[in-house]
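Coordinate inspection notes
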Amino acid sequence: MIHIAVQAADFSVQQEYDRICADNSADGAVVFFVGRVRDLNAGEAVYAMTLEHYPGMTEQSLLAIVSEAQARWPLSRVRVIHRVGQLAPADQIVFVATASPHREAAFAGAQFIMDWLKTRAPIWKKETTERGEHWLQAKTSDADKAEQW
Amino acid sequence: MTFTVKFFARLREELGTAEVQVALADVTTLAQLKPFLIGQHPHWQTALERNLLLAVNQHLVTDDVTLQAGDEVALLPPVTGG
């Protein structure tokens, strides 16, 4: 069971946890990750963040990443939510949850999905800092992490 | 007989446009696209010669592709979501 959403609206971790657990007594492990907007990046105060994406391709890309994760680990349920639009420091950006009978697959699957999402999903962040607006640069460390799998 | 080329994020802002239509009479394969666009818009050269990802019909591609009428090509800066 896969749920993928790209949305401007915020999400509730409690609601997402309830959904991944609903009518599900087979999965003994649920792992979730939340990515949030930091108030400091590379030494600069961050006032706002705008996320742009490629509608249609983003959803397809996330689905392909989740399908790849399910081919590698027994993940019964996966939920991915990525927010777009204007966000502020401390806002939630991204949610990934995996459910599996055992924890190893749930941990590995969640980390894999995040690592691939950061290098493959067509989403871009623009920060407003004390020095003005700029698009974030892709990090080679993120590419290295995605390559590890 | 044309296809669409979409630009995103920093690249869209640098070029000052979100998409253009290109005639198949001018460009038939993906590899010909950037040189054609630079020929039409010499001031796009710096932006188009940066590291960009290419997608055809919303799938990332790394090899050359023969383009068809109605295709949706996208030039994407390296992604920074998550």
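Each remark here, short or long, concerns the structure printed above.
Quick look at the structure, then.

About the criteria used
- Residues numbered from 1 in each chain as written.
- Chains lettered and ligands numbered in written order.
- Predicted model: local features only at pLDDT ≥ 70, side-chain atom pairs only at ≥ 80, totals over all residues.
- Heavy atoms only, no water.
- Contact = heavy atoms within 4.5 Å.
- Buried area = accessible area lost by both parts, 1.4 Å probe.
- Salt bridge = Lys/Arg side-chain N within 4 Å of Asp/Glu carboxyl O.
- Helix = DSSP H or I, 4+ residues; strand = E, 2+ residues; numbered from the N terminus.
- Buried < 20%, exposed > 50% of the residue type's maximum accessible area, 1.4 Å probe, protein only.
- Pairing = 2+ DSSP bridges.
- Axes fitted to C-alpha atoms, helices over the stretch in contact; angles between N-to-C directions.

This next bit is on the interface of chain A and chain B. Taken together, the contacts link 25 residues of chain A with 19 residues of chain B. Between chain A and chain B, the buried area comes to about 1,900 Å², and carbon and sulfur atoms account for 55% of it. Of all residues in chain A, Tyr54, Met57 and Trp124 of chain A give up the largest surface area on contact with chain B, accounting jointly for 35% of the area buried on that side. At the junction of chain A and chain B, the tally comes to two salt bridges. Linking arginine 12 of chain B and glutamate 52 of chain A is a salt bridge whose minimum nitrogen-to-oxygen distance equals 2.1 Å.

Here the structure, examined in full by the defined rule, presents 12 salt bridges over all chains. Across the salt bridge formed by aspartate 10 of chain A and arginine 83 of chain A, the nearest N and O atoms sit 3.4 Å from each other. Here aspartate 10 of chain A, found in the loop between β1 (2-7) and α1 (13-21), pairs with arginine 83 of chain A, found in strand β5 (residues 77-83); they are 73 residues apart in sequence, far enough to count as distant. A relative accessible area of 46% places aspartate 10 of chain A in the partly exposed class. The shortest N-O distance in the salt bridge between lysine 6 of chain B and glutamate 72 of chain B comes to 3.8 Å. Linking lysine 6 of chain B in strand β1 (residues 2-7) with glutamate 72 of chain B in strand β5 (residues 72-76), this pair joins segments that are 66 residues apart in sequence. Given a relative accessible area of 23%, lysine 6 of chain B falls into the partly exposed group. Bridged by salt links that share partners, the residues Glu16, Arg19 and Arg79 of chain A form one connected network.

Strand pairing in a sheet relies on backbone hydrogen bonds. The paired strands run either parallel or antiparallel. Residues and elements named next belong to chain A. Pairing within the open sheet is mixed, and its four strands lie in the order β1-β5-β7-β2. Where the open sheet ends on each side, the last strands, each with one partner, are β1 and β2 (29-36). The mean inter-strand angle of the sheet, taken between neighbouring strand axes irrespective of direction, is 5°. Of the pairings in the sheet, the one linking β2 to strand β7 (residues 92-100) comprises eight bridges and is antiparallel in character. Bridge pairing in β7 links valine 30 to alanine 99.

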